[in-house]
Amino acid sequence: MQLTAPLDMHLHLRDGEMLDNIAKSSAQTFSGAIIMPNLVPPVSTKEEVIAYKNRILNAIGDEQFTPYMTLFFKPTYDKAFLESIRDEITAIKLYPAGITTNSEGGVSGFDVEELRPTLEAMSELDIPLCIHGETNGFVMDREAEFVSIYERLATAFPKLKIIMEHITTKESVAALDKYENLYATITLHHLLITLDDVAGGMLKPHLFCKPIAKRPEDKVALLKVALEAHPKVMFGSDSAPHPREAKEACGCAAGVFTAPIALQVLAELFENENAPLENLQAFVSGNAQHIYGVKPLPKTVVLEKKPFTVPSSYNGVVPMYADEEIAYSIKEIIYG
Ligand code: NCD
Ligand code: ZN
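Residues numbered from 1 in each chain as written. Chains lettered and ligands numbered in written order. Predicted model: local features only at pLDDT ≥ 70, side-chain atom pairs only at ≥ 80, totals over all residues. Heavy atoms only, no water.

Asks: Would you take a moment to explain the coordination of the zinc ion (ligand 2) for this structure?
Replies: Bound to the zinc ion (ligand 2) are the protein donor atoms His10 (NE2), His12 (NE2) and Asp238 (OD), situated 2.0 Å from the metal. Coordination at the zinc ion (ligand 2) is irregular, judged from the 4 donor atoms that bind it and the angles of 92 to 136° they form at the metal. Written as a sequence motif, the donor arrangement for the zinc ion (ligand 2) is H-x1-H-x225-D. With histidine 12 in the loop between strand 2 (7-11) and helix 1 (16-27) and aspartate 238 in the loop between strand 9 (233-235) and helix 10 (244-247), this pair connects stretches of sequence that are 226 residues apart. In terms of burial, histidine 12 and aspartate 238 fall into one category: buried. (Donors = N, O, S within 2.8 Å, 3.2 Å for Na, K, Ca; no water. Tetrahedral: all angles 85-135°; square planar, octahedral: opposite > 155°, others 65-115°. Helix = DSSP H or I, 4+ residues; strand = E, 2+ residues; numbered from the N terminus. Buried < 20%, exposed > 50% of the residue type's maximum accessible area, 1.4 Å probe, protein only.)

Asks: I tried to follow the packing of aromatic side chains on my own but got confused; where do I start?
Replies: Both the distance between ring centres and the angle between the ring planes are used here to describe each pair of aromatic rings. Counted according to the given criterion, the structure contains 8 aromatic pairs. Taken together, a centroid distance of 4.9 Å and an interplanar angle of 35° make the contact between tyrosine 77 and phenylalanine 81 tilted. Between phenylalanine 110 and phenylalanine 146, the aromatic rings sit 5.2 Å apart at their centres with planes inclined by 85°, giving edge-to-face as the arrangement. Here phenylalanine 146 lies in helix 5 (residues 142-156) and phenylalanine 110 lies in the loop between strand 5 (91-94) and helix 4 (112-125), a separation of 36 residues in the sequence. With relative accessibility at 0%, the residue phenylalanine 146 sits in the buried group. Following the ring pairs from residue to residue traces out a cluster consisting of Phe30, Phe235, Phe270 and Phe283. A cation over an aromatic ring shows up here: lysine 232 above the ring of tyrosine 183, its NZ or CZ 5.4 Å from the ring centre. (Phe/Tyr/Trp six-rings, centres within 6.5 Å; stacked < 30°, edge-to-face > 60°. Lys NZ or Arg CZ within 6 Å of the ring centre and 35° of its normal.)

Asks: I'm lost on helix 4 in this one. Help?
Replies: With 14 residues, helix 4 extends 19 Å between its outermost C-alpha atoms, agreeing within 8% with the 20 Å of an ideal straight helix rising 1.5 Å per residue. At threonine 118, helix 4 shows its largest kink, close to 35°. Listed in full, the buried residues belonging to helix 4 are Val112, Leu115, Thr118, Leu119, Ala121, Met122, Ser123 and Leu125. Looking at the buried residues of helix 4, the elements they touch are helix 3 (79-85), strand 5, strand 6 (129-131) and helix 5. Two residues or fewer past helix 4, aspartate 126 is found with a positive phi of approximately 55°. (Expected span 1.5 Å × (residues − 1). Bend = angle between axes of the 7 residues up to and from the residue. Contact = heavy atoms within 4.5 Å.)

Asks: Just to check I follow, could you spell out the pairing of strand 10 (residues 299-304) for this structure?
Replies: Look at any regular strand and the pattern is simple: side chains alternate between the two faces of the sheet. Within strand 10, 5 of the 6 residues are buried, which leaves it mostly tucked inside the rest of the structure. Examined bridge by bridge, strand 1 (residues 2-4) and strand 10 share 3 bridges and lie antiparallel to one another. In the sheet register, leucine 3 faces strand 10, and the bridge partner there is valine 301. Bridge count between strand 10 and strand 13 (residues 329-335): 6 bridges; the pairing is antiparallel. Bridged to leucine 303 within strand 13 is isoleucine 330. (Pairing = 2+ DSSP bridges.)

Asks: I'm lost on the site of ligand 1 in this one. Help?
Replies: The immediate surroundings of ligand 1 are formed by 15 residues, with Arg14, Asn38, Thr100, Lys210 and Asp238 found nearest. Lysine 210 places a main-chain nitrogen or oxygen 2.8 Å from an oxygen atom of ligand 1. For ligand 1, whose free accessible area comes to 310 Å², the fraction covered by protein is 100%. The residue inventory of the shell around ligand 1, partitioned by class, reads 3 nonpolar, 9 polar and 3 charged. (Near = heavy atom within 4 Å. Polar contact = N/O pair within 3.5 Å; in protein donor to acceptor, adjacent residues only side chain to side chain. Areas by Shrake-Rupley, 256 points an atom, 1.4 Å probe, with all protein chains shown as cover. Nonpolar A, V, L, I, M, F, W, Y, C, P; charged D, E, K, R; others polar.)

Asks: Just checking my understanding: could you explain the pairing of strand 2 for this structure?
Replies: Extensive coverage of strand 2 is indicated by the burial of 5 of its 5 residues. Considered for its hand, the β-α-β crossover made up of strand 2, helix 1 and strand 3 (residues 32-35) is right-handed. (Right-handed = clockwise from strand over helix to strand, strands pointing away.)

Asks: Whenever I open this one, the sheet that holds strand 1 confuses me. Can you help?
Replies: Whether parallel or antiparallel, the strands of a sheet pair through hydrogen bonds between backbone atoms. Read from one edge of the open sheet, 3 strands run 1-10-13, paired in antiparallel fashion. The open sheet terminates on both sides in strands that have one partner only, identified here as strand 1 and strand 13. Averaged over all pairs of adjacent strands, the angle between strand axes in this sheet comes to 20°, irrespective of strand direction. Helix-sheet contacts for helix 11 (residues 262-272) involve strand 1, strand 10 and strand 13, and the interaxial angle to strand 10 is about 60°. (Axes fitted to C-alpha atoms, helices over the stretch in contact; angles between N-to-C directions.)

Asks: In this structure, what is going on with the sheet that holds strand 9? I would like to understand it.
Replies: The 8 strands lie next to each other as 2-3-4-5-6-7-8-9, forming an open sheet whose pairing is parallel. Of all the strands in the sheet, just strand 2 and strand 9 have a single pairing partner and so form its edges. Across the sheet, the mean angle separating the axes of adjacent strands is 25° when strand polarity is ignored. Sheet topology places strand 6 next to strand 7 (residues 162-164); 3 bridges connect them, and they run parallel. In the strand pairing of strand 7, isoleucine 131 is matched with methionine 164. Strands strand 3 and strand 4 (66-72) of the sheet are contacted by helix 2 (residues 46-60), whose axis makes an angle of about 150° with strand 4.

Function cannot be inferred from these measures alone, as they are strictly geometric.
Rendered as structure tokens:
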């Protein structure tokens, strides 16, 4: 099985030692990825974007991989600033304040008029807006409650491309077809698990993430649009590494580390669900190319049906399916 130019449209590469330790997990198999800006402090100036991109390029060495950079949304960005940074970024990521890892500097309240200057400028400059769509309500309801905010923004800024990041509910899936300018990323783990897998038996800290995995009917809705490669959905792993100590702790950090196994497990999932390979190709690359207008580096990943035992850790980070066997292995990467 071959996948051409796979793209991960939502990835946390971190910084410093963690960046150096995990960047290659993505850079070896993906042609490129949208890099999330939730560092401490968040990536919010042109200098920071350029410096972070250079640290990423340094960490990946001679792998062929494009980091598509993002900026941490602030309602104070004006058009002149956005024009000056336009060529350095692929999107801007908006976090509600305090909703997830390193999002304290995000947006509180979603007053359209307050956000208008920045969002109008983004719309005019054709800069997509990626949103972590959760309210601060009850944890299982946060994303469904946020759908009305997505709808408000989609209506107020009809030319702005809005990407509902890591959707986990049937309500978000339904919103996709109602608004022309709404798109979505879907993770690997939300196609595979529900809250039962996280907390139904022994608590599984390595499956704990934001947004929390939801109900079986939500997973069914996500699977449907992923397997049919609905043209408005893209693969975005939300691979979010934390050191083992931060996950196996009484205050467990949110994030699932899937980068090293994502393509292999997607291949297994699409096969088990009898979805055609061309749909997987569209889900992991083609749709994102259309939506974002990106032209990824040529890279072909050859997968073979050969069991692979997932390592118990990658440099101190525990991946999804650690110590378990998955059905596909990476056989070869062909460049050019
Ligand atoms: C992400 C992280 O650790 O940066 N965590 C997560 O649970 N997904 C942040 C995010 O995307 O919410
Ligand atoms: Zn994320």
